[in-house]
Amino acid sequence: VQLVESGGGLVQPGGSLRLSCAASGFTFSTYAMNWYRQAPGKEREWVAGITSAGGVTNYAESVKGRFTISRDNAKRTAYLQMNSLKPEDTAVYYCRALNMGRNYWGQGTQVTVSS
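Let us look at the structure shown here. (Residues numbered from 1 in each chain as written. Predicted model: local features only at pLDDT ≥ 70, side-chain atom pairs only at ≥ 80, totals over all residues. Heavy atoms only, no water.)

1. Structural notes on the packing of aromatic side chains
By the definition in use, this model includes six aromatic pairs. Geometrically, the ring pair formed by tyrosine 94 and tryptophan 105 is edge-to-face, given 6.4 Å between the ring centres and 85° between the ring planes. With tyrosine 94 in strand S9 (residues 91-99) and tryptophan 105 in strand S10 (residues 102-105), this pair connects stretches of sequence that are 11 residues apart. Accessibility expressed as a relative area gives 12% for tyrosine 94, which makes it buried. We classify tryptophan 105 as partly exposed; its relative accessible area is 33%. Clustering of aromatic rings is evident, with ring pairs tying together Phe26, Phe28, Tyr31 and Tyr104. Above the plane of the ring of tyrosine 94 lies arginine 44, whose end atom (NZ or CZ) is 3.7 Å from the centre. Sitting over the face of the ring of phenylalanine 28, arginine 71 holds its NZ or CZ atom 4.4 Å from the ring centroid. (Phe/Tyr/Trp six-rings, centres within 6.5 Å; stacked < 30°, edge-to-face > 60°. Helix = DSSP H or I, 4+ residues; strand = E, 2+ residues; numbered from the N terminus. Buried < 20%, exposed > 50% of the residue type's maximum accessible area, 1.4 Å probe, protein only. Lys NZ or Arg CZ within 6 Å of the ring centre and 35° of its normal.)

This is the structure in structure tokens:
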């Protein structure tokens, strides 16, 4: 089982990034996918989630209207489109796959928002 995040980097405030989470080793299309983030000195927090078929999405209040979660089950990949980025969005971003009692985490990708 593997989840590999990519797409992080350094971006100026107001900029955009798209994170990807590529899955392997399990039946991706049956798992809900979520994005979390952890800023330095803070606890990991949930950012966004999408159901297995992609029909329902949910967002933390802090990112609602700026971030969009999506998935492509044929490509076994989940995405997080991040627009209007703010310095407080700086964190390591993780994807997580959930199905009943099973869950898998990726290794994380760093996002830094700074001028």
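2. Focus: the pattern of salt bridges
Under the counting rule described, the total for this entry stands at four salt bridges. Put simply, arginine 66 and aspartate 89 hold a salt bridge, and the shortest N to O gap is 2.7 Å. Within this pair, whereas arginine 66 is found in the loop between strand S6 (57-59) and strand S7 (67-72), its partner aspartate 89 is found in the loop between strand S8 (77-82) and S9, the two being separated by 23 residues in sequence. Judged by relative accessible area, which is 11%, arginine 66 ranks as buried. Aspartate 89 gets classed as buried once you look at its relative accessible area, which sits at 1%. Counted as one network, the salt bridges with shared partners bring together Arg37, Glu45, Arg66 and Asp89. (Salt bridge = Lys/Arg side-chain N within 4 Å of Asp/Glu carboxyl O.)

Function-wise, these values are silent; they only describe arrangement.
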